[in-house]
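Chain and residue survey
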Amino acid sequence: MPINNDITFRKLTVFATFMKKENIARTAEAMGLSSVSVHRALHSLEEEIRCPLFSHKGRNLVPLPAASTLLEYATDVIETMTRGIEETRRASGFGLARLRIGTLYSLMLETVPQLIMGMKLRRPDVELDLTMGSNQALLSMLDEGMLDAILISVTEDEIKRNQLEVLPLFEDDICLAAPASAGLNPDAPADLRDFLHQKFVSLPEGFATYVGFQEAFHIAGFEPEIIMRVNDIFSILSLVQAGVGMTLMPGRMEKVYGNDVQLLKLAAPYQMRQLIAIVFPRNREHDPNLLALAAEGRMYALGRGESKR
């Protein structure tokens, strides 16, 4: 005989609680329900099982032997499903004492350390694992369940909005980076056409800044001479500082080599901005660790907004 679809875990839980409390009013109080809801759940369960579970003595329900038999199995079912849900959450990383965060290299300067400090106050028992990589690599690791949340530069064509939650943190301008020895005018916007014969260094494909790099020079109407591609933005800065070549990079990197590298705002035709955001799976939006990270992200975004006023 197939199980009636109307026999739900809620009804079984009401039934098991009533069998323990032996009173509808006490059951209602324990479960935060009305007495009417408890009575309705017990009556409908009796109908769906198609055999009597209680006898009526006045206004009281007295369990029959059949109710004791059902209680034995209902208890097993509820306990098994509870353990199953806990193990399922554990397998997905939900609520564990460990949070795996992926980040762009450039966000290690200020953003990630501040978020980590805030997280340690909110969730002191949670261990944080950091992975650094490109936009493309981090999105792939998030999709494969290897990371719980990532901090990246968000573009609409990369983000599946129906699957991912996006919490914006700040926007950042892309700038021309040149060695201080180049002696460029810091007050004049950089027209990329003026650098047609310059050598450049670049991040490889898959990094957020690489997309802006390609787009800007496409607008300028020429292919830059790229003499070296490096996998992290700090190495790029070192190469620019040494005079190996120029590059395009987000303005937040000015704090690294402020005296040795010039960051110039791009002229109007080439101007672009990166939107930096925390991204995590939508189906884990109630994970307490991710809720804490999101709360800290909102505080960080608010602080940056106020500092610019």
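The structure under discussion appears in the preceding block.
A brief structural summary.

**Re the pairing of strand β11 (residues 273-281)**
- Among the nine residues in β11, seven count as buried, and that is most of the element.
- Alignment of strand β6 (residues 164-179) against β11, held across nine bridges, turns out to be antiparallel. By the bridge assignment, Glu-171 is partnered in β11 with Leu-275.

**Some words on the pairing of β6**
- With 12 of its 16 residues buried, β6 lies for the most part within the structure.
- Of the strand pairs in this sheet, β6 and strand β10 (residues 261-265) are connected by five bridges, and their pairing is antiparallel. Note on β10: the bridge partner recorded for Ala-178 is Gln-262.

**Looking at the packing of helix α1 (residues 9-21) against helix α2 (residues 24-31)**
- Interhelical geometry of α1 versus α2 gives an angle of 125° and a closest axis separation of 9 Å. If you check the angle between α1 and α2, you find them oblique. Pair α1 / α2 crosses with right-handed handedness. Facing α1, whose interface residues are Thr-13, Val-14, Thr-17, Phe-18 and Lys-21, α2 presents Ile-24, Arg-26, Thr-27, Ala-30 and Met-31.

**Some thoughts on the pattern of salt bridges**
- Per the stated rule, a full pass over the model turns up 12 salt bridges.
- Residues Arg-98 and Asp-129 are paired through a salt bridge, measuring 2.6 Å at the closest nitrogen-oxygen approach. With a gap of 31 residues between them, Arg-98 in strand β3 (residues 98-103) and Asp-129 in strand β4 (residues 127-132) connect regions that are remote in the sequence.
- Judged by relative accessible area, which is 42%, Arg-98 ranks as partly exposed.
- Take Asp-129: its relative accessible area is 21%, and that puts it in the partly exposed class.
- One salt bridge connects Arg-284 with Asp-287, and the closest N-O pair in it is separated by 2.7 Å.
- Assessed through its relative accessible area of 9%, Arg-284 is described here as buried.
- Taken together, the shared-partner salt bridges connect Arg-100, Asp-148, Arg-284 and Asp-287 into one network.

**Quick word on unusual backbone geometry**
- You will see that Glu-22, though not glycine, has its phi angle at about 60°, which is positive.
- Tracing the sequence through the fold places Glu-22 in the loop between α1 and α2.
- You can call Glu-22 exposed: its relative accessible area is 61%.
- We note that Arg-50 has phi near 70°; this positive angle belongs to a residue other than glycine.

Basis of the calculations
- Residues numbered from 1 in each chain as written.
- Predicted model: local features only at pLDDT ≥ 70, side-chain atom pairs only at ≥ 80, totals over all residues.
- Heavy atoms only, no water.
- Buried < 20%, exposed > 50% of the residue type's maximum accessible area, 1.4 Å probe, protein only.
- Helix = DSSP H or I, 4+ residues; strand = E, 2+ residues; numbered from the N terminus.
- Pairing = 2+ DSSP bridges.
- Axes fitted to C-alpha atoms, helices over the stretch in contact; angles between N-to-C directions.
- Parallel < 35°, antiparallel > 145°, perpendicular 65-115°, else oblique.
- Left-handed = near helix turned anticlockwise from the far one by under 90°.
- Contact = heavy atoms within 4.5 Å.
- Salt bridge = Lys/Arg side-chain N within 4 Å of Asp/Glu carboxyl O.

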